[in-house]
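Commentary on secondary and tertiary structure
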Amino acid sequence: MRLDLGDVRTIVVGFVAAIVVLFAVAAVVGIDQVLGKLAMADTRLVALVGVVALAWLASWAMALRTVLSALGVSVSPVRAFMLYAGATFANNITPFGQAGGEPFSALLISRVTDAEYETGLAAIASVDSINFVPSISFGLVGVVYYATVLAIGDRLQIEFVALAVVTLALAVPLSATLLWRSRDRVEAGVASAVVPVVGALARAVPRITPTTHDAVRRRVRGFFRAIERVASDRRSLLLALLFSALGWLLSATSLWLSLYALGVVVPFAAVLFVVPIVSMAGVTPLPGGLGGVEAALVFLLGPIAGISGAMAAAAAFIHRAATYWLPVAIGGVSTAMLEADNANGD
């Protein structure tokens, strides 16, 4: 897999924009104050945050392995971890998060497992869809907890979060249902959009082969059939949901420990619904939501946990070092190793 000049330019521009946002967040809350808070962090707990983040990555990797098994594709746990790390790497370096990284992830899965491209795309899309269910469930639990148990000073952020959770809980399933019911029109629409583009590229780049409407529709139909196979395998679906839920709990634990490493103790319910909500910031033009997620964490953690902006920013940076930068490093190495195996025919 090679990145062309346009891909590299997009990634570089995205990271430059993300760094600007990060500096802006730090500047608003006070760079010196943030650095001071980070300097007082318990290094043993910070290391534990990294361990928990690895467990989170492994849990969602097992969800991917379960989905691939439902599609008749067998991979070892280690291979599954490397594949999901590679998918996370793709999501974290491309704009719009999972939407930008999924085509790369599907290609990596198909190359490593010898599965059809649409099977790889269906697998990673299924995992992303499965991950939505526990995230919204935990978000609703957190909102109910705060609404009924805790009295918080600033209600604006809580009301905003509650509205966001309820909107997602209604909008995403409705959109998925409408998409599924109109899949024949989706097939035709994708074919009408893809065929002219591929034809134009083929005229400019000789090694690209033109395609046909029937060929594109056949591949889109294969994608929907793979999704249907996953949905009909109830045992695999339940197991994948359990792995996904465990992953969300571990991600929330990472944020809780990040705060605890700074001497801040908050109810676990706080991070339980903050984590899935701020993940929405990953669907931005910034690579993996870098900058946007940190800003969202500062916006929510301050009033919810009753801490200063500098403390919230410090906790956000520790959490994101473990759940963003660590997976980027592991995913980059994993992708390179998997591609080297492909080149060697292993």
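Fair warning: this is a prediction, and the values are worked out from it, not measured in the lab.

1. Focus: a nonpolar patch on the surface
A cluster of nonpolar side chains, contributed by I19, F23, I31 and L35, occupies part of the molecular surface with about 380 Å² of accessible area. Breaking the nonpolar patch down by element, the ones donating at least two residues are α1 (5–29) and α2 (31–39). As for its position among the elements, F23 is in helix α1. Of the residues examined, F23 reaches a relative accessible area of 54% and is grouped as exposed.

2. Some words on the side chain of S182
Relative to the helices and strands, S182 resides in the loop between α7 (155–181) and α8 (183–204). The exposure class of S182 is buried, given its relative accessible area of 16%. A polar contact is formed between the side chain of S182 and the backbone oxygen of L178, at a distance of 2.8 Å.

3. Some points on unusual backbone geometry
Trans peptide bonds make up the majority, and among non-glycine residues the majority have a negative phi. Positive phi is not limited to glycine here, since D114 has a value of about 65°. Its place among the elements puts D114 in the loop between α5 (98–113) and α6 (117–148).

4. Some words on the confidence of the model for the protein chain
Considering every residue of the protein chain, the mean pLDDT works out to 82; 83% of them sit at 70 or more. Per-element confidence in the protein chain is highest for helix α3 (residues 43–70), whose mean pLDDT is 96, and lowest for α7, whose mean pLDDT is 70.

About the thresholds
Residues numbered from 1 in each chain as written. Predicted model: local features only at pLDDT ≥ 70, side-chain atom pairs only at ≥ 80, totals over all residues. Heavy atoms only, no water. Patch = residues over 30% accessible without salt bridge, like charges linked within 9 Å, V, L, I, M, F, W, Y side chains within 5 Å. Areas by Shrake-Rupley, 256 points an atom, 1.4 Å probe, with all protein chains shown as cover. Salt bridge = Lys/Arg side-chain N within 4 Å of Asp/Glu carboxyl O. Helix = DSSP H or I, 4+ residues; strand = E, 2+ residues; numbered from the N terminus. Buried < 20%, exposed > 50% of the residue type's maximum accessible area, 1.4 Å probe, protein only. Polar contact = N/O pair within 3.5 Å; in protein donor to acceptor, adjacent residues only side chain to side chain. pLDDT = per-residue confidence, 0-100.

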